[in-house]
Amino acid sequence: MKKLNDVLTVRSTIFATVSMLVLLAALITMGLLTPFIVRVSTGEEILLDSAYFNLRAALPTLALVMLLTLCLLLGSAGRKEALLALGLGVAGSALSVVFSPFSSLPVNISFSLLAVALFAVMYRLLSSKEKTLKGTLRRAGSHIIHLGVVLLLVGILFSTNMKLEDSAAVPVGEVGTFQDMGYSIQVTNITSGIEGAPYGSYPGSAYVSTVYFDVYRWGQPFDSGQVRYISDFKWEQSYTETYIHRGLLEELFIAPKSVDTKTQTVELYVRKVPFMTSLWGGFYLMVLGILLLFISDSLAGEKGAPGSGLSGTLTSEKGAQVKGIKNDSKKKRVSKKNV
């Protein structure tokens, strides 16, 4: 039976991390291809929502986060420290499930493990020291990618499991309250009319209703905005122009579901999504890390080019030495023949 030190190595954790990433990618790919395969084979249309993917990807994603934590800490802090950090994350998840600080079970389970993974990435990023610019860029790029992955997972976790949405019919001058979200919306005006170039017997291309409103958060003035409900005559369909306010911790989305111009009433759909900034920030950090890796590779290519700089000089000197040795050996052979 192998010892733990022989099994728990940087190479084995990297292999397990890559294997889990491949499994997760395969599960997501199967989910994306299933509607297409069903439509081609049976002609039926099916829709797989986020719950389908969350159910199948939850455990592989948690395993991937735990392996990433081990992989980062094994090479820098050591086995005992890596296992201690992972153990604290698992214990935090257990306590979070018992006391339920969040309103979502997936968030209660995953939050402490993601926090430990974030600590591991920051520790590895700050503790890494390289003497060359190429090594610094390569090490920083890889760890920035890891940081982006963790922030991306945090954004996906919170935005998927803790988003709130509701709708309410609000007349002009009245206030629609969305208590669970902490927001209330007062409709100040509704204007309607035909807009666009003439189409057929219509003087315009669409009938447009514009809704003006004030937004209050926890009873205090927050913002003002407008949304539009457009009925297109040419395409015989309706669509909307929405209001989106992106903050550091949450995103507020408001859209009109319908507008009654006779009673001057609009049915508003409101959605609050937390930690969308973390999701987009993680994506941009991953792009930044990839760019740093490309830059480090380009620096390596310039330094390794033949005839350029010190490396080229050393190469030419070695070549001259080899030629000299060959010439000496030839001269010795000729002298022996003459004797």
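Definitions and cut-offs
- Residues numbered from 1 in each chain as written.
- Predicted model: local features only at pLDDT ≥ 70, side-chain atom pairs only at ≥ 80, totals over all residues.
- Heavy atoms only, no water.
- Helix = DSSP H or I, 4+ residues; strand = E, 2+ residues; numbered from the N terminus.
- Expected span 1.5 Å × (residues − 1).
- Bend = angle between axes of the 7 residues up to and from the residue.
- Phe/Tyr/Trp six-rings, centres within 6.5 Å; stacked < 30°, edge-to-face > 60°.
- Buried < 20%, exposed > 50% of the residue type's maximum accessible area, 1.4 Å probe, protein only.
- Lys NZ or Arg CZ within 6 Å of the ring centre and 35° of its normal.
- Salt bridge = Lys/Arg side-chain N within 4 Å of Asp/Glu carboxyl O.
- Patch = residues over 30% accessible without salt bridge, like charges linked within 9 Å, V, L, I, M, F, W, Y side chains within 5 Å.
- Areas by Shrake-Rupley, 256 points an atom, 1.4 Å probe, with all protein chains shown as cover.
- Contact = heavy atoms within 4.5 Å.
- Pairing = 2+ DSSP bridges.
- Axes fitted to C-alpha atoms, helices over the stretch in contact; angles between N-to-C directions.

1. Details of helix α3 (residues 50-74)
Item 1. For α3, with 25 residues, the first-to-last C-alpha span of 34 Å sits near the 36 Å given by 1.5 Å per residue.
Item 2. The sharpest bend along α3 measures roughly 45° and falls at Ala 57, with the proline Pro 60 sitting one to four residues further on.

2. Overview of the packing of aromatic side chains
Item 1. Summed over the entire model, instances satisfying the criterion amount to 11 aromatic pairs.
Item 2. Summarising the aromatic geometry, the rings of Phe 283 and Tyr 284 are spaced 5.6 Å apart at their centres and angled 65° between planes, so their arrangement reads as edge-to-face.
Item 3. For Tyr 284, a relative accessible area of 54% corresponds to the exposed category.
Item 4. Here the aromatic residues Phe 102, Phe 111, Phe 158 and Phe 275 are joined through ring pairs into a cluster of three or more.
Item 5. Here the basic side chain of Arg 271 rests over the ring of Phe 253, its NZ or CZ set 4.5 Å away from the ring centre.

3. A few points about the pattern of salt bridges
Item 1. Applying the stated rule across the entire model yields 8 salt bridges.
Item 2. Taking the shortest distance from any N to any O, the salt bridge between Arg 39 and Glu 45 comes out at 4.0 Å.
Item 3. Arg 39 gets classed as partly exposed once you look at its relative accessible area, which sits at 42%.
Item 4. Look at Glu 45 and you get exposed, because its relative accessible area is 62%.
Item 5. In this structure, Arg 246 and Glu 251 form a salt bridge, with 3.1 Å as the shortest nitrogen-oxygen distance.

4. Some words on a nonpolar patch on the surface
Item 1. Residues Trp 280, Phe 283, Tyr 284, Val 287, Ile 290, Leu 291 and Phe 294 make up a contiguous nonpolar surface patch of roughly 740 Å² in combined accessible area.
Item 2. Considering the arrangement of structural elements, one finds Val 287 in helix α7 (residues 276-303).

5. What to know about the side chain of Ser 96
Item 1. As for its placement among the helices and strands, Ser 96 is situated in helix α4 (residues 79-99).
Item 2. Look at Ser 96 and you get buried, because its relative accessible area is 10%.
Item 3. Excluding residues within four positions of it along the chain, Ser 96 makes contact with Pro 101 and Asn 108.

6. Description of the environment of Leu 291
Item 1. Inspection of the secondary structure assignment puts Leu 291 in helix α7.
Item 2. Of the residues examined, Leu 291 reaches a relative accessible area of 47% and is grouped as partly exposed.

7. Some details on the sheet that holds strand β1 (residues 164-171)
Hydrogen bonds along the backbone pair up the strands of a sheet, which may run parallel or antiparallel.
Item 1. Across the sheet, 4 strands lie side by side as β1-β9-β8-β7; this open sheet has antiparallel pairing. Only two strands of the sheet have a single partner each, and these edge strands are β1 and β7 (243-246). Each strand of the sheet is rotated relative to its neighbour by a mean of 15°, with strand direction disregarded.
Item 2. As defined by bridge partners, β7 adjoins strand β8 (residues 250-260) across 4 bridges and the pair is classed as antiparallel. Residue pairing across strands places His 245 opposite Leu 252, the latter belonging to β8.

8. As for the pairing of strand β6 (residues 237-241)
Item 1. Two elements, strand β5 (residues 220-232) and β6, share 5 bridges in a ladder whose sense is antiparallel. Looking at the pairing, Ile 230 lines up with Tyr 239 of β6.
Item 2. Connecting β5 to the next strand, β6, in antiparallel fashion are 4 residues, including Glu 236 with a positive phi near 55°.

9. Description of the sheet that holds β6
Item 1. Overall, antiparallel pairing links the 5 strands, which are arranged β2-β3-β4-β5-β6 in an open sheet. Lying at the two open borders of the sheet, with one neighbouring strand each, are β2 (175-178) and β6. Geometrically, the sheet is characterised by an average inter-axis angle of 25° between neighbouring strands, direction not taken into account.

10. A few points about the pairing of strand β3 (residues 183-195)
Item 1. The sheet contact formed by β2 and β3 spans 4 bridges and is antiparallel. Note on β3: the bridge partner recorded for Thr 177 is Ser 184.
Item 2. If you look at the hairpin formed by β2 and β3, you'll find 4 residues sitting between the two strands, and Gly 182 has a positive phi there, around 85°.
Item 3. Relative to strand β4 (residues 206-217), β3 runs antiparallel, the two being bridged by 12 bridges. Within β4, the position partnered with Ser 184 by the bridge is Tyr 216.

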